[in-house]
Amino acid sequence: MSKRLAFLEKHVTAGGSDDPFAWYGLAMEYRSLSRWEDALRTFEELRSRSPAYVPMYLMCAQVLESLGRPDDARTWLGQGAEAARAKGDEHALSEIEGALSRLPPASV
């Protein structure tokens, strides 16, 4: 286990950290290690703790898309667009809308 991963896991589990950046960092570390289910579970935990944390939506959607789950990615991106609008984050909204436009058509 990498030192970074050990540090992040310890940080978020110690007292149930509410630091969204720590949870995001842990999810991204799992992503970089191709630990997809751990990454998705961590993004979901972050969303439940800090739904206004906009960066997670695009990153989780990218993981889902890479796993062949475009409908789930679309859901995350839709929620991310709402969060970005609520924050007035036009840059993030633009990135999210771009990602949405690149997804294949929704399943029926």
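Whatever comes next refers back to the structure up there.
Description of the structure in this document. What you see is a predicted model, and the numbers here were worked out from it, not measured in a lab. (Residues numbered from 1 in each chain as written. Predicted model: local features only at pLDDT ≥ 70, side-chain atom pairs only at ≥ 80, totals over all residues. Heavy atoms only, no water.)

### Thoughts on the pattern of salt bridges
- Taken as a whole, this structure holds 8 salt bridges when the rule is applied.
- Measuring nitrogen to oxygen at the nearest pair gives 2.8 Å for the salt bridge that ties aspartate 38 to arginine 35.
- The exposure class of aspartate 38 is buried, given its relative accessible area of 17%.
- Take arginine 35: its relative accessible area is 31%, and that puts it in the partly exposed class.
- Linked by salt bridges that have partners in common, Asp18, Glu45 and Arg49 make up one network. (Salt bridge = Lys/Arg side-chain N within 4 Å of Asp/Glu carboxyl O. Buried < 20%, exposed > 50% of the residue type's maximum accessible area, 1.4 Å probe, protein only.)

### Observations regarding the side chain of aspartate 38
- Turning to its location among the elements, aspartate 38 is positioned in helix α3 (residues 36–49).
- Of the polar contacts made by the side chain of aspartate 38, one reaches the side chain of arginine 35; its length is 2.8 Å. (Helix = DSSP H or I, 4+ residues; strand = E, 2+ residues; numbered from the N terminus. Polar contact = N/O pair within 3.5 Å; in protein donor to acceptor, adjacent residues only side chain to side chain.)

### Quick notes on the nonpolar core
- Among the nonpolar cores identified, the biggest contains 34 residues, and Tyr24, Phe43, Met56, Trp76, Leu77 and Ile96 are the most heavily contacted of them.
- Within the residue set of this core, elements represented by two or more residues are α1 (3–13), α2 (20–32), α3, α4 (55–66), α5 (70–87) and α6 (90–102).
- In terms of residues, this core owes the most to one element, α4, which gives 8 residues.
- Those residues in contact with isoleucine 96 that sit more than four places away from it in its chain are Val54, Leu58, Leu77, Gly80, Ala81 and Ala84. (Core = buried A, V, L, I, M, F, W, Y, C linked by side-chain atoms within 4.5 Å. Contact = heavy atoms within 4.5 Å.)

### Quick look at the side chain of glutamate 29
- As for its placement among the helices and strands, glutamate 29 is situated in helix α2.
- Taking relative accessible area as the criterion, glutamate 29 reaches 11% and is therefore assigned buried.
- Aside from chain neighbours lying at most four places away, what touches glutamate 29 is Ser2, Arg4, Leu5 and Leu8.

### Describing the packing of α4 against α5
- Relative to each other, α4 and α5 sit at 170 degrees, their axes nearing to 8 Å. Between α4 and α5, the interaxial angle falls into the category roughly antiparallel. For the pair α4 and α5, contact is made by Met56, Tyr57, Leu58, Cys60, Ala61, Leu64 and Glu65 and by Asp72, Ala73, Trp76, Leu77, Gln79, Gly80 and Ala83, respectively.
- Of the residues in the contact of α4 with α5, the class split is 10 nonpolar, 2 polar and 2 charged. (Axes fitted to C-alpha atoms, helices over the stretch in contact; angles between N-to-C directions. Parallel < 35°, antiparallel > 145°, perpendicular 65-115°, else oblique. Nonpolar A, V, L, I, M, F, W, Y, C, P; charged D, E, K, R; others polar.)

### Quick look at unusual backbone geometry
- Of note in the backbone geometry, serine 34 takes a positive phi value of approximately 60 degrees without being a glycine.
- Its place among the elements puts serine 34 in the loop between α2 and α3.

### Side note on the environment of alanine 106
- Locating alanine 106 in the fold gives a position in the segment after α6.
- Sequence-wise, alanine 106 and phenylalanine 21 are 85 residues apart; in three dimensions their C-alpha atoms are separated by 31 Å.
- Discounting chain neighbours no more than four positions away, the residues touching alanine 106 are Asp71 and Arg74.

Shape descriptors only; they carry no functional weight alone.
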